[in-house]
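Summary of structural features
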There are 2 protein chains.
Amino acid sequence: MKRNKKERQLLLKDTIEEKPFITDEALAKMFEVSIQTIRLDRMELNIPELRERIKSVATNNWNETVKALPIDEVIGEIIDLELDNRAISILDITAEHVFSRNKIARGHHLFAQANSLAVAVINDELALTANADIKFTRQVVQGERVIAKARVIEVTSSNRTAVEIQSYVDNETVFTGLFEMFRSNDNKEGEQS
Amino acid sequence: MKRNKKERQLLLKDTIEEKPFITDEALAKMFEVSIQTIRLDRMELNIPELRERIKSVATNNWNETVKALPIDEVIGEIIDLELDNRAISILDITAEHVFSRNKIARGHHLFAQANSLAVAVINDELALTANADIKFTRQVVQGERVIAKARVIEVTSSNRTAVEIQSYVDNETVFTGLFEMFRSNDNKEGEQS
């Protein structure tokens, strides 16, 4: 059922507040209008585009720098980071990331985004992956934007840290992983047993 | 203890027969001689270099072609393949595969080799990774050669197949993974329940 413009814009505002990572494409589908209409609505409502929304939400609290690797070695773009706590990155799926035959994103690219985010969130000069338990829960195709969120859930020993990664496209989970990370723990002498 | 040349060459021959994937570097270390000495020994004994050894062993039985993806989309070089049974690939770790800081191979490249081999071994036009349980058991550094072996261990349902991957450097395990692969099963109608 199509809504009138006023109804749609009210609902649009609520929807974006609730799901800040939703794309214009998904909104257009949801409201059964064109993407162009969604863009015009956003302009009238002064709602910035997705990438800006994510950045503005995230960078409010982002005053830390990646320690375990140079930032340009992170796969995807880090837009939020609190070391040893949480991190977010975005990766736009382009032709280089997909199987040529069906345009489905190849698993190792989703893995690379998640794994390098798990490395980046560690507050240590050295962080290596010990093991991981991963699931690909929904196919991702060329043109989609994957948002990976890392959460440090447990320091299992003085030099092991468990990091949970959830990756989304339009708020739908596409990948989950539990990574156990090895760290040197050089700068945490007080915690060593 | 250093052996004389004759003893060494006898042992060398036995060792290579037993571990065909061993590198000259590892042999040099084992026999406490230079790599150059190992190369000369191999020449005198008419034992080809590692890559040739692997290929000659493998391609004897390799008369199949990859179905699930174009062969140039496989990460690493496939040197053995029997669809729905086993496959082997080799990946030389170069500067592009390592962390700039410590020259340790990045996890997602070892994962990419393993994952694409798990796709390649499937006898189906469509193969996608559903989930994986992986372990990085030893650091791999720039200059090392990783040999990944895939073994199809179970067809868990009409459209799921479990593939075990073990990756080695010099016969030492560096990565293991159990991949559950989704397949379309289009060409196996008789087996559907």
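Note that the structure is predicted; figures quoted are calculated from it, not measured.

1. Overview of the interface of chain A and chain B
With 30 residues of chain A at the contact, the number on the chain B side is 30 residues. With both sides pooled, the region where chain A packs onto chain B buries about 2500 Å², and carbon together with sulfur makes up 54% of that total. The salt bridge partner of Glu125(B) is Arg101(A), with a shortest N-O separation of 3.6 Å. Run the count over chain A and chain B and you get 14 residue pairs in polar contact (both at pLDDT 80 or more). Going through the elements one at a time, helix H5 (107-120) and strand E3 (127-136) of chain A are the ones with two or more residues in the side of chain A that touches chain B. Looking at the side of chain A that touches chain B, the element that brings in the most residues is E3(A), giving 9 residues.

2. Concerning the relation of the copies chain A and chain B
Between chain A and chain B, the superposition needs a rotation of 180° and an axial shift of 0.0 Å, giving an RMSD of 0.1 Å. The superposition of one copy onto the other is thereby described by a two-fold rotation axis. Distance from the rotation axis, computed per C-alpha, reaches its smallest value in chain A at Asp133(A): 2.2 Å. In this assembly, 100% of the residues forming the interface of chain A have copies in chain B that are likewise at the interface, indicating an isologous arrangement.

3. Points about the side chain of Ser116(B)
On the secondary structure map, Ser116(B) appears in helix H5 (residues 107-120). In this structure Ser116(B) comes out as buried when scored by relative accessible area, which is 2%. A polar contact is formed between the side chain of Ser116(B) and the backbone oxygen of Gln113(B), at a distance of 3.4 Å. Sequence-distant contacts of Ser116(B), defined by excluding residues within four places in its chain, comprise Arg106(A), Glu73(B), Val74(B) and Ile75(B).

4. Section: helix H1 (residues 5-18) of chain A
All names here are of chain A. For H1, with 14 residues, the first-to-last C-alpha span of 20 Å sits near the 20 Å given by 1.5 Å per residue. Buried within H1 are the following residues: Arg8, Gln9, Leu12, Thr15 and Ile16. Taken end-on, H1 shows its buried residues confined to a sector of 125°, consistent with a single buried face. Exposed and oriented more than 90 degrees from the buried face of H1 are Lys6, Leu10, Glu17 and Glu18. A distance of 3.1 Å separates the backbone nitrogen of Lys6 from a side-chain oxygen at the start of H1, and that oxygen is part of Asn4.

5. With respect to the domain arrangement of chain A
Residues and elements named next belong to chain A. The domains assigned to chain A are domain 1 (5-47) and domain 2 (58-191). Each of domain 1 and domain 2 has a C-alpha centre, and the two are 29 Å apart. The interface is formed by 5 residues belonging to domain 1 together with 5 residues belonging to domain 2. The junction of domain 1 with domain 2 conceals about 500 Å² of combined surface from both sides, 65% of it contributed by carbon and sulfur atoms.

6. A few points about the nonpolar core
Among the nonpolar cores identified, the biggest contains 80 residues, and Ile165(A), Phe179(A), Ile165(B) and Phe179(B) are the most heavily contacted of them. Phe179(A) has contacts with Phe111(A), Ala114(A), Asn115(A), Ala118(A), Thr129(A), Asn131(A), Ala132(A), Ile134(A), Thr161(A), Ala162(A), Val163(A) and Ile165(A), leaving out every residue within four places of it along the chain.

How each quantity is defined
- Residues numbered from 1 in each chain as written.
- Chains lettered and ligands numbered in written order.
- Predicted model: local features only at pLDDT ≥ 70, side-chain atom pairs only at ≥ 80, totals over all residues.
- Heavy atoms only, no water.
- Contact = heavy atoms within 4.5 Å.
- Buried area = accessible area lost by both parts, 1.4 Å probe.
- Salt bridge = Lys/Arg side-chain N within 4 Å of Asp/Glu carboxyl O.
- Polar contact = N/O pair within 3.5 Å; in protein donor to acceptor, adjacent residues only side chain to side chain.
- Helix = DSSP H or I, 4+ residues; strand = E, 2+ residues; numbered from the N terminus.
- Least-squares fit on C-alpha atoms with pLDDT ≥ 70 in both.
- Buried < 20%, exposed > 50% of the residue type's maximum accessible area, 1.4 Å probe, protein only.
- Expected span 1.5 Å × (residues − 1).
- Arc of directions from axis to C-beta.
- Domains from an automatic or database assignment.
- Core = buried A, V, L, I, M, F, W, Y, C linked by side-chain atoms within 4.5 Å.

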